[in-house]
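Fold and contact review
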Amino acid sequence: MKINIPETDKKRVVIVGGGFGGLKLALKLARRKAYQVVLLDKNNYHQFQPLFYQVAMSGLEPSSIVFPLRKAFRKKEDVYIRVTEVLAVHPDRQQLETSLGICNYDYLVLAIGADTNFFGNEKIARLAIPMKSVSEALFLRNRILSDYEKALSTTDYEERQGLMDIVVVGGGPTGVEVSGALAEMKRYVFPKDYPELNTDEIDIYLVEGANRLLAGMSEQSSRKSLEFLTNLGVKVRLKTMVTDFDGECVHTNDGETIRARKVIWAAGVKGAKMEGVPTSALTRGNRIRVNRFSQVEGLENVYAIGDIAYMEEEAYPQGHPQVAQVAMQQAVCLADNLSNLHRGRELTPFSYKDLGSMATIGRNRAVADLPGFKFQGAFAWLIWLFVHLFQILGVKNKVFIFLNWVWNYVTYDQSLRLIIRPRVPKSGEVEVES
Ligand SMILES: Cc1cc2nc3c(=O)[nH]c(=O)nc-3n(C[C@H](O)[C@H](O)[C@H](O)COP(=O)(O)OP(=O)(O)OC[C@H]3O[C@@H](n4cnc5c(N)ncnc54)[C@H](O)[C@@H]3O)c2cc1C
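Residues numbered from 1 in each chain as written. Predicted model: local features only at pLDDT ≥ 70, side-chain atom pairs only at ≥ 80, totals over all residues. Heavy atoms only, no water.

Focus: the overall build of the protein chain
Note the cut-off: A run of DSSP states H or I qualifies as a helix once it reaches four residues; a run of E qualifies as a strand once it reaches two. Both are numbered from the N-terminal end. The globule rule used for comparison is 2.2 Å times the number of residues to the exponent 0.38, while the radius of gyration itself is calculated over C-alpha atoms. Only protein chains enter the area calculation, which uses a 1.4 Å probe; residues under 20% of their type maximum are buried, those over 50% are exposed, and those in between are partly exposed. The criterion used for residue contact is that any of the two residues' heavy atoms lie within 4.5 Å. Methods summary: accessible areas were calculated by the Shrake-Rupley approach with a probe of 1.4 Å, and residue burial reflects only the protein chains presented. Charge convention: Lys and Arg are scored as positive, Asp and Glu as negative, and His as well as the terminal groups of each chain are ignored. Taken as the charge centre is NZ of Lys, CZ of Arg, CG of Asp or CD of Glu, depending on the residue.
Looking only at helices and strands, the protein chain features 11 helices and 26 strands. On C-alpha atoms alone, the protein chain measures out to a radius of gyration of 23 Å, which is about the 22 Å that the 2.2 N^0.38 rule sets for 434 residues. For the protein chain, buried positions account for 52% of its 434 residues. Contacts in the protein chain between residues at least 24 apart in sequence constitute 65% of all its contacts with a sequence separation of at least 6. Of the roughly 20700 Å² of accessible surface on the protein chain, 52% is carried by carbon and sulfur atoms. Computed over 54 positive and 49 negative side-chain charges, the inter-centroid distance for the protein chain is 6 Å.

Written as structure tokens, this is what we have:
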């Protein structure tokens, strides 16, 4: 069965993934009107991943950091959105197999992003909590709050400790930001919410395999982030690997055992899986190898951008960092090149322009490596706030986030500490989709 999308005279560009890369590309192509644009995503919304941790820490509502895809394309002609999971690509037939049926393409762009990498450890994958979607961030929020509720009625010291302590694995921006936010909750929020618990006993661990935090940033930022976190009381373990987690205890390679029921896994990503991409085109971290025009190696009319794409250029012999800026810049370049292709013009190779990187570690503390200068502290934190506010889609989202931040800053409190569990209907109560 074919997905119901009208056939037109225009060539069809099918984009899989409405993340930073896919959405930008679809918007650019829609404006130029040279192609029919089909955007496929398993969700009906775009997710702003840099603020997932604030949802998990009860600082923001999930609805503030997502944007409905249909809203982004209102009044755009010849753009078709289908909420469906793409199961496989058949490059020989120029077709995609999706949960809604078959979709033909003239040009295909894979912008499917990355998944959490547990480095083959099935047990950890089953028990640790990743943060790669807004649903996972919400799950984490529920788990943290539910465990503190349970801790209140647990008399056994060790068991209570296990419910209260949290281990964060991975000292990249996500791990650092989560640890900082947890440390602030321990300091400002939990004592007010749980006066019956001795919140001084809460331990937050950050475990990182490398010899420094924020390995992708400058030494200066690494040092400062370690200092900020240590001052906030986070127990940072560098040059340490988590070797096992059984749901009760975390074991590390240097023999330490930490009693903690929650492990937040921020230790790495790998390219999202897509059946039908030849293994010869796959490279390190399950990324798809592309040339400087984003064309997938060995496939015709198939492109990949963003986290899933592995592109080498002189300044980036190991590929680009998996960050939003790369995805968006590649989208802009590909949109230009598809227009060039339409007009029979020469294509332009992609070159990444690094606009810098930042991480925040609680209120008034952030580190920023911008082209030409590096700074840390309150000014970096303000810049971080404004950059993220500027990037988030939708005026409503900007306003809500700004108001939340001001409220949190003034009151030292996050107001969204609700345990909202999805209700699973009893069988027979509603019709279940097959
Ligand atoms: C917690 C966290 C914090 C981050 N913080 C920052 C930051 O501060 N700054 C920064 O620059 N970067 C940050 N990143 C990285 C940044 O979010 C990614 O680099 C960026 O999202 C990559 O964009 P993309 O378009 O390649 O993929 P994504 O934005 O991940 O989009 C992929 C899309 O594809 C869809 N999809 C995947 N598979 C299928 C399928 N089979 N069928 C249909 N749809 C599919 C997904 O639903 C998703 O919408 C962070 C990432 C995480 C997880």
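On we go.
Describing the domain arrangement of the protein chain
So the rule is basically this: Source of the domain bounds: an automatic or database domain assignment. By definition, the buried area sums, over both parts, the 1.4 Å-probe accessible area that each loses when the two are put together. Salt bridges, as used here, are contacts in which a Lys or Arg side-chain nitrogen is within 4 Å of a carboxyl oxygen on Asp or Glu. Residues adjacent in sequence count toward polar contacts only when both atoms are side-chain atoms; beyond that, a polar contact is any pair of N or O atoms within 3.5 Å, and within protein one must be able to donate a hydrogen and the other to accept it.
Splitting the protein chain by domain gives domain 1 (12–116 + 270–342) and domain 2 (122–267). Each of domain 1 and domain 2 has a C-alpha centre, and the two are 32 Å apart. Taken together, the contact pairs 18 residues of domain 1 with 18 residues of domain 2. Per-residue buried area on domain 1 facing domain 2 is highest for Y53, M57 and T116; these three make up 39% of the total on that side. Where domain 1 meets domain 2, there are 0 salt bridges. Where domain 1 touches domain 2, the interface holds 2 residue pairs in polar contact (both at pLDDT 80 or more).

Quick look at a nonpolar patch on the surface
For the record, the criterion: Nonpolar side chains (Val, Leu, Ile, Met, Phe, Trp, Tyr) are joined into patches within 5 Å and like charges within 9 Å, using only residues with over 30% relative accessible area and no salt bridge.
Taken together, the side chains of V395, V399, F400, F402, L403, V406, Y409 and V410 present a nonpolar region at the surface, about 750 Å² in accessible area. Mapped onto the fold, V410 is located in helix α11 (residues 395–411). Overall, the relative accessible area of 61% leaves V410 in the exposed class.

Side note on the layout of surface pockets
For the record, the criterion: Lining residues are defined by having an atom within 4 Å of a point belonging to a cavity or pocket. Those points lie on a 1 Å grid over the protein atoms alone, cavities being sets where a 1.4 Å probe fits but cannot get out and pockets being open sets with protein on both sides within 12 Å along at least five of seven lines. Grid points are joined across faces, edges and corners, and a volume is the space filled by probe spheres set on the points. Three classes are used: nonpolar for Ala, Val, Leu, Ile, Met, Phe, Trp, Tyr, Cys and Pro, charged for Asp, Glu, Lys and Arg, and polar for all others, with Gly counted as polar.
In this structure, the second largest pocket occupies an estimated 540 Å³ of space. Lining the second largest pocket are 26 residues, with E184, R363, W381, W405 and N408 positioned closest to its centre. Of all the elements in the fold, those that place two or more residues in the lining of the second largest pocket are α2 (52–56), α7 (173–193), α10 (378–391) and α11. For the lining of the second largest pocket, the per-class residue count stands at 17 nonpolar, 6 polar and 3 charged. For the lining of the second largest pocket, the domains that each give at least three residues are domain 1 (12–116 + 270–342) and domain 2 (122–267).

Observations regarding the nonpolar core
One recurring pattern in soluble globular proteins is that nonpolar side chains are buried together. Note the cut-off: Definition used in this section: a nonpolar core is a set of buried Ala, Val, Leu, Ile, Met, Phe, Trp, Tyr and Cys residues joined via side-chain atoms within 4.5 Å.
Counting 64 residues, the largest nonpolar core has L51, M57, I65, Y148 and L182 as its most contacted members. Top contributing element to this core by residue count: α7, with 8 residues. Mapping this core onto the domain boundaries places at least three of its residues in each of domain 1 (12–116 + 270–342) and domain 2 (122–267). L182 has contacts with M57, I144, I166, V168, I204 and I264, leaving out every residue within four places of it along the chain.

Some details on the environment of T8
Checked against the element boundaries, T8 lands in the segment before β1 (12–16). Among the residues examined, T8 registers a relative accessible area of 33% and is labelled partly exposed. The sequence separation of T8 and D78 amounts to 70 residues, and the corresponding C-alpha distance is 8.8 Å. Side-chain polar atoms of T8 contact the backbone nitrogen of K10, separated by 3.3 Å.

Regarding the packing of aromatic side chains
Test applied: The pairing test for Phe, Tyr and Trp rings, Trp by its six-membered ring, is centres within 6.5 Å, and the orientation test on the planes gives stacked under 30 degrees, edge-to-face over 60, and tilted for anything in between.
Under the defined criterion, the tally for this structure stands at 12 aromatic pairs. Ring geometry for Y188 and Y412: centres 4.7 Å apart, planes at 65°, overall edge-to-face. Here the residue Y188 occupies a position in helix α7, and Y412 occupies one in the segment after α11, the gap between them amounting to 224 residues. Take Y188: its relative accessible area is 22%, and that puts it in the partly exposed class. With a relative accessible area of 36%, Y412 lands in the partly exposed category. By the ring-pair criterion, three or more aromatic residues cluster together here, those being Y148, F190 and Y194.

Section: unusual backbone geometry
Of note, the phi angle at Q94 is positive, near 50°, even though the residue is not glycine. Inspection of the secondary structure assignment puts Q94 in the loop between β6 (86–90) and β7 (95–98). You can call Q94 partly exposed: its relative accessible area is 23%. Even without being a glycine, K239 presents a positive backbone phi close to 50°. Assignment of secondary structure puts K239 in the loop between β14 (235–237) and β15 (242–245).

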